[in-house]
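# Geometric and topological summary
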Amino acid sequence: MRQIGTWSRLVIVTGLCILGGCNGQSPFGIFVDSTKDCAEMLLQRDIQTVAKTREQRFLGKVPDTTARCLGGKHAESLREGPWLDWPNYWAAGDATSRAPARLLVNAKVLGPNAHGINGALYELELQRIELIKFNLFDNNKTYEAYVTGRDGETGAVLNTWPEMRLPKTHPDFKAVGGDQTQVCRGALIRFRTLTGTCNDIRNPLMGSTHQLFARNVDFDTTFPDLGLNEMTKNRHGDRLGPLKPDPQVISRRLFTRKQSKPVGSLEKSQPDKCNEGYGLPGDAKEAECEYKKAPFFNVLAAFWIQFMTHDWFAHLDEGHNRPEWMAVGCATQLVKNIEQPLTGADAKKLGCRPDDKIDAAYIAEGTEPSSFTQGRKAYLTRAPKTTANNVTAWWDASQLYGYDERSGKRVKRNPKDQAKLLMQVGDGAGEGDKLGYLPIFEPGDPINPEWSGQEATAFPDNWSIGTSFYHNVFAREHNVFVDEFRKQATRTPDGDSGLRDPANPDAVIRYRDVTPNELFEVARLVVAAEIAKIHTTEWTTQLLYNEPLNRGMNANWSGVFAKQEVVADALKEVVRRLADTNDAKKANSLYAALAGGPGIFGLGNRVYEGVPLVGQFNPNKQDRWDLKNDDHINGGVNHFGSPFNFPEEFITVYRLHPMLPDLIEYREWNKEPNVIRHNVPVIETFRGKATEAMRQKGLANWALSMGRQRLGVLTLQNHPQFLQNLKMNRLQSPTQQIDVAALDLIRDRERGVPRYNEFRRQYGLKQLTSFDDFVDTRLLQDSPSRREQEQLVNTLREVYGQHQCDASKKITEAQLNDDGSPINDCLGHPNGSLIDNIEDVDTVVGWLAEFRRPHGFAISETQFVVFILNASRRLFSDRFFTSSFRPEFYSTLGVEWVTNNGPGPEMMEQGTPNGHEQPVSPLKRVLLRTMPELAGELQGVVNVFDPWARDRGEYYSLDWKPRAGAEEDEAFANKK
Ligand code: HEM
């Protein structure tokens, strides 16, 4: 165990206090606990601190004393195996995880429950700090400076890069300073630009369209299939290739949703009722595609995340890859560890298609990367191949508003009011229908032929009822904001709108002065920030449904001192000053830990310069934030030494296709919401058919249907059948079909994502040593779930195989064995023994096989660790979410709208869901504004992504039972 230094103690205390939700009270609960275990933990100094080197990092595993202190004997007994320890702490699960009632048990600060939650949060913060420290690898040629430093500055605190300058060919090259120091000013910094330039005013190119994806893993570990170095050769032998093991075989054996065997002779058998995900004619209710359902997350949540990914990243350019058609497997399988060709009969039995083809992935740079040395270690300057992000990386609602000239032209404004998006009023019965529906693409619009008939919007690819839903909702919301702004302008035309033009910063902009174009851009800023808030505080808290994550995510956004403005302001100032230091520890680690106090959102948007730190707590101190000061406009961002873009690995963990059902249980809000009227195949809403279905049935009915239905669990054998059998006319193959589940694996291989076990090691998680580690040993030996997991483990073994291990082969640089020795091919098994090819498992397959998860986690811990780093970074790096979240950019109404979830003061939910006083959630407010007809249905909804008719029960219950009034809902009659 490492010794604790002064700095580390500070981090521990801030971690406990800030993320532990100490609510302004004493953070020392954990230290004054009287229990023997906690005392022992402290005496033995069994508290993990930030690692100095990668091999020493915290792997989410704690000593016995810590486990006992934070979660009692229960937590201690579950320490075996590679999985995180904090989920077993007091109060980190449902009501049964709380310590039995006794003195102080339910207190916020003292007692086991508080310790369990604070301990979990401390470990999460520690992971985040270490991820920031060890997992940033930029591909845009800045990595060498990150490692070696520049002009006497440590690499980890660099905050401008020559590589992020606009090139001579860029139309704004001169405007930002040309060959001189480049700084964006004036019109370029006022709003979010179309291509995402000038978000960081000193790094104009960062995050803009076509910048390269970054990596979170050592470049040397990427592209394992190519066997470029000794370590990857040792790790995988010659077992890997672009189609090895065969991706379609993996898909059919490990991803296909099982359907019940035929029942009765007269009825259609179950697989026929599913019809490969294509359902029955006329959206017949009798159609059925079985899937494993998550009780606490709904179909709206599945489509929400697709809507988000379309904003954040796209490997495809205008829905296309490289025009080079390649085979996609269904050719070989392992039989007793030997690769054999698949016969036609084998393929038929499996259900795969050898004749499928897909266009190859784009590669931006494929030449051999240069290298450099630091100390005596050699480093690559980038990954062996790189790929580009073809949309802006910012959370800027680019899927709605555009990310380049062509996509921008697809966005239609109302010709009568340029501040608004064009909407066509529907003839539906709902109040919201008056707000209209997005118009349909017209012949002259810049689109691919397959998108014709769809609603006009910037990102039209893979369109379905779910994307149509959110695009319509937020187009309505855009216009509602404009209307509200206009109402204010009518009331007080000479009033100060709060807006300022950076080109003329001293001139007050009155409501009457705001042009339609300006108002359009203000509405975009507001909608993008609302979306980010919904995602952070509503979607994620339901995805990770437990108390530590609820506190952590809210701390990420508004901080644990949200209700104590003076304290939050003081901490913001501390954090702002920390960013301005050359000490990497302070600028990064302490900064990240402390940012939980005031929250990341709005960091640096007030400046109390000249006021000493003690004076920061004076409520009358003066905010000196100034639009003429570049350091104020940009001062809240922190990139931690590496320019922001998503890493390739981020896309891997967002391959969430199993969340989709094959069929949508269609209901109607103004008849009897408890009745399922049709089973509509998702594929029958693909592309233009989505637009038709949206207009025919109406937004509110789709909201109700997808709001009540559970989504698919992210686990093995739970992929939608329609995606395994997707028909696409553009495919140049005899079948014109593609298995998207298999393609998920192929794309990761093409882009060099490390395989599962090394992926975990790189992210600071413990490795697995055999497929058996996947089995959730908390389940009873003969329980059906455990038996199913054991069967799947056997299938994994058959598909990926085993080999005779060689202990002389070192396989990783990322971690060491507990005794300090290198990790070798035998993973702790005797030399020469037959071991599982766990190293070869595709990362998506690995995280789907994680049967053991923290309570209420819809995702695995491997996916989660990728989010910890990147979800924070996309807030930390964005000026419009930090120092430029100000009325000068958003207007006074806009700031209020984002802060209070709509116009007027914040509205509160009734009662205290999961023990918290809670504002009416941001998405619920959006739905109430855009579909007022759903007010009755939404009354009992606390989180829009929790199935609407579910009784949330007490403290993070996952039970599937109906709330009052929904007892007749058919979804509860069928327990499947
Ligand atoms: C009707 C619904 C959907 C359809 C038809 C669909 C289809 C596809 C297809 C065809 C691709 C492959 C593109 C390629 O690499 O050639 C893809 C990629 C992807 N899909 Fe989906 N998908 C759907 C829903 C979702 C959902 C709900 C998610 C949830 C996050 C999702 C996440 C992704 C991601 C992350 C990629 C990779 C994108 C990239 O490489 O930039 N998809 N999808």
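In this text the structure is predicted, and so the values were computed from the model without any measurement.

Conventions adopted
Residues numbered from 1 in each chain as written. Predicted model: local features only at pLDDT ≥ 70, side-chain atom pairs only at ≥ 80, totals over all residues. Heavy atoms only, no water. Helix = DSSP H or I, 4+ residues; strand = E, 2+ residues; numbered from the N terminus. Buried < 20%, exposed > 50% of the residue type's maximum accessible area, 1.4 Å probe, protein only. Contact = heavy atoms within 4.5 Å. Areas by Shrake-Rupley, 256 points an atom, 1.4 Å probe, with all protein chains shown as cover. Near = heavy atom within 4 Å. Polar contact = N/O pair within 3.5 Å; in protein donor to acceptor, adjacent residues only side chain to side chain. Nonpolar A, V, L, I, M, F, W, Y, C, P; charged D, E, K, R; others polar. Disulfide = S-S within 2.5 Å. Donors = N, O, S within 2.8 Å, 3.2 Å for Na, K, Ca; no water. Phe/Tyr/Trp six-rings, centres within 6.5 Å; stacked < 30°, edge-to-face > 60°. Core = buried A, V, L, I, M, F, W, Y, C linked by side-chain atoms within 4.5 Å. Axes fitted to C-alpha atoms, helices over the stretch in contact; angles between N-to-C directions. Parallel < 35°, antiparallel > 145°, perpendicular 65-115°, else oblique.

### Focus: the overall build of the chain
Secondary structure assignment for the chain yields 34 helices and 16 strands. Here the chain holds 976 residues, and the buried ones make up 64% of them. A sequence separation of at least 24 residues applies to 73% of the contacts in the chain between residues at least 6 apart. Carbon and sulfur atoms make up 51% of the accessible area of the chain, which amounts to about 35700 Å² in all.

### Digging into the site of the ligand
Inspection of the region around the ligand gives 24 residues, with Gln306, His315, Asn462, His657 and Arg747 positioned closest. Here an oxygen atom of the ligand and a side-chain polar atom of arginine 747 are 2.7 Å apart. Looking at the shell around the ligand, the element that brings in the most residues is helix α11 (residues 299-312), giving four residues. Taken together, the residues of the shell around the ligand break down into 14 nonpolar, seven polar and three charged.

### Looking at the state of the cysteines
Per the stated rule, a full pass over the model turns up four disulfides. There is a disulfide in this structure between cysteine 184 and cysteine 198, and the S-S distance comes to 2.1 Å. Every disulfide takes its handedness from the sign of the S-S torsion; for cysteine 184 and cysteine 198 that torsion is -70 degrees, giving left-handed. Placement of cysteine 184 in the loop between α6 (143-148) and α7 (187-190) and of cysteine 198 in the loop between α7 and α8 (230-236) is noted, with a sequence separation of 14 residues between them. Of the residues examined, cysteine 184 reaches a relative accessible area of 0% and is grouped as buried. On the accessibility criterion, cysteine 198 (1% relative accessible area) is buried.

### Some thoughts on the coordination of the iron atom of the ligand
Just one protein atom coordinates the iron atom of the ligand, and that atom is His657 (NE2), at 2.2 Å. Tracing the chain through its elements places histidine 657 in the loop between α21 (648-653) and β10 (663-666).

### Some points on the packing of aromatic side chains
Taken as a whole and judged by the stated rule, the model has 51 aromatic pairs. Between tryptophan 304 and tyrosine 470, the aromatic rings sit 5.2 Å apart at their centres with planes inclined by 85 degrees, giving edge-to-face as the arrangement. Taken together, the residues span a long stretch of sequence, with tryptophan 304 in helix α11 and tyrosine 470 in helix α15 (residues 465-491) at a distance of 166 residues. The same class applies to tryptophan 304 and to tyrosine 470, which are both buried.

### Looking at the nonpolar core
It is characteristic of soluble globular proteins that their nonpolar side chains tend to be buried jointly. Core analysis: the biggest nonpolar cluster contains 228 residues, and Phe297, Phe469, Phe474 and Phe774 have the highest contact counts within it. Top contributing element to this core by residue count: helix α16 (residues 516-543), with 14 residues. With residues up to four places along the chain from it excluded, the contact list for phenylalanine 297 reads Trp539, Gln542, Leu543, Met659, Gln709, Arg710, Leu711, Ala858, Phe945 and Pro947. Residues Leu280, Ala287, Cys289 and Leu663 belong to the second largest nonpolar core, which totals six residues.

### What about helix α25 (residues 740-750)?
Burial runs high along α25: eleven of the eleven residues are buried. Residues of α25 that are buried include every one of Val740, Ala741, Ala742, Leu743, Asp744, Leu745, Ile746, Arg747, Asp748, Arg749 and Glu750, and no others. Two or three places before alanine 741, at the start of α25, stands the capping residue aspartate 739, its side-chain oxygen 2.9 Å from that residue's backbone nitrogen. Positive backbone phi, approximately 70 degrees, marks glycine 752, located one or two places after α25.

### What about unusual backbone geometry?
In the segment running from lysine 244 into proline 245, the intervening peptide bond is cis, with an omega of -15 degrees. Residue placement: proline 245 occurs in the loop between α8 and α9 (247-255). Of note, alanine 91 is a non-glycine position whose phi angle comes to about 70 degrees, a positive value. Considering the arrangement of structural elements, one finds alanine 91 in the loop between α4 (64-77) and α5 (112-134). Residue alanine 91 is classed as buried on the basis of its relative accessible area, which comes to 1%.

### Remarks on the packing of α15 against helix α32 (residues 922-930)
Packing of α15 against α32 leaves a shortest axis separation of 9 Å and a crossing angle of 75 degrees. In terms of orientation, α15 lies roughly perpendicular with respect to α32. In contact with Phe469, Val473, Phe474, Arg476, Glu477 and Val480 of α15, α32 contributes Leu923, Val926, Leu927, Arg929 and Thr930.

### Quick notes on the packing of α16 against α32
In helix packing, the relevant descriptors are the interaxial angle and the interaxial distance, both defined with respect to the helix axes. Across the interface, α16 lies against α32 with an axial gap of 8 Å and an inter-helix angle of 130 degrees. Relative to α32, α16 is oriented oblique. Note on element contacts: α32 touches α16 through Pro922, Leu923, Lys924, Val926 and Arg929, opposite Glu530, Lys533, Ile534, Thr537 and Glu538. Of the residues that constitute the contact of α16 with α32, the class distribution is four nonpolar, one polar and five charged.

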